[in-house]
Amino acid sequence: MGVPKRKMSKMKRRHRQAANAYEGVQANFCSNCGQPAASHTVCKHCGTYKGRQILTVEQ
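Residues numbered from 1 in each chain as written. Predicted model: local features only at pLDDT ≥ 70, side-chain atom pairs only at ≥ 80, totals over all residues. Heavy atoms only, no water.

Okay, the confidence of the model for the chain next. Detailed reading of the predicted coordinates is not advisable wherever pLDDT is low. For the chain, mean pLDDT is 90; residues scoring 70 or higher make up 98% of the total. The spread of mean pLDDT over the elements of the chain runs between strand E2 (residues 52-53), the lowest at 90, and helix H1 (residues 10-18), the highest at 94. (pLDDT = per-residue confidence, 0-100. Helix = DSSP H or I, 4+ residues; strand = E, 2+ residues; numbered from the N terminus.)

Encoded structure:
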């Protein structure tokens, strides 16, 4: 039977348990058109990134 050799500190235990607290990817929205968009990428709907027009998207 496996028995711990030493006491696990509170910090190590919390670091291990923190991995289970992941709740998924947060929803991000384009600041120009308001459509859902992945973070740090050009918006597929309007073609803007950080307030600048990067791509020309046909409507």
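After presenting the structure, the write-up continues.
The next thing to look at is a positive patch on the surface. On the surface, Lys-7, Lys-10, Arg-13, Arg-14 and Arg-16 cluster together to form a positively charged patch. Tracing the chain through its elements places Lys-10 in helix H1. Looking at Lys-10, the relative accessible area reads 54%, which means it is exposed. (Patch = residues over 30% accessible without salt bridge, like charges linked within 9 Å, V, L, I, M, F, W, Y side chains within 5 Å. Areas by Shrake-Rupley, 256 points an atom, 1.4 Å probe, with all protein chains shown as cover. Salt bridge = Lys/Arg side-chain N within 4 Å of Asp/Glu carboxyl O. Lys, Arg positive; Asp, Glu negative; His and termini not counted. Charge placed at Lys NZ, Arg CZ, Asp CG, Glu CD. Buried < 20%, exposed > 50% of the residue type's maximum accessible area, 1.4 Å probe, protein only.)

Here we come to a nonpolar patch on the surface. A grouping of Ile-54, Leu-55 and Val-57 is seen on the molecular surface, where their side chains present a nonpolar patch of about 230 Å² in accessible area. Positionally, Leu-55 belongs in the segment after E2.

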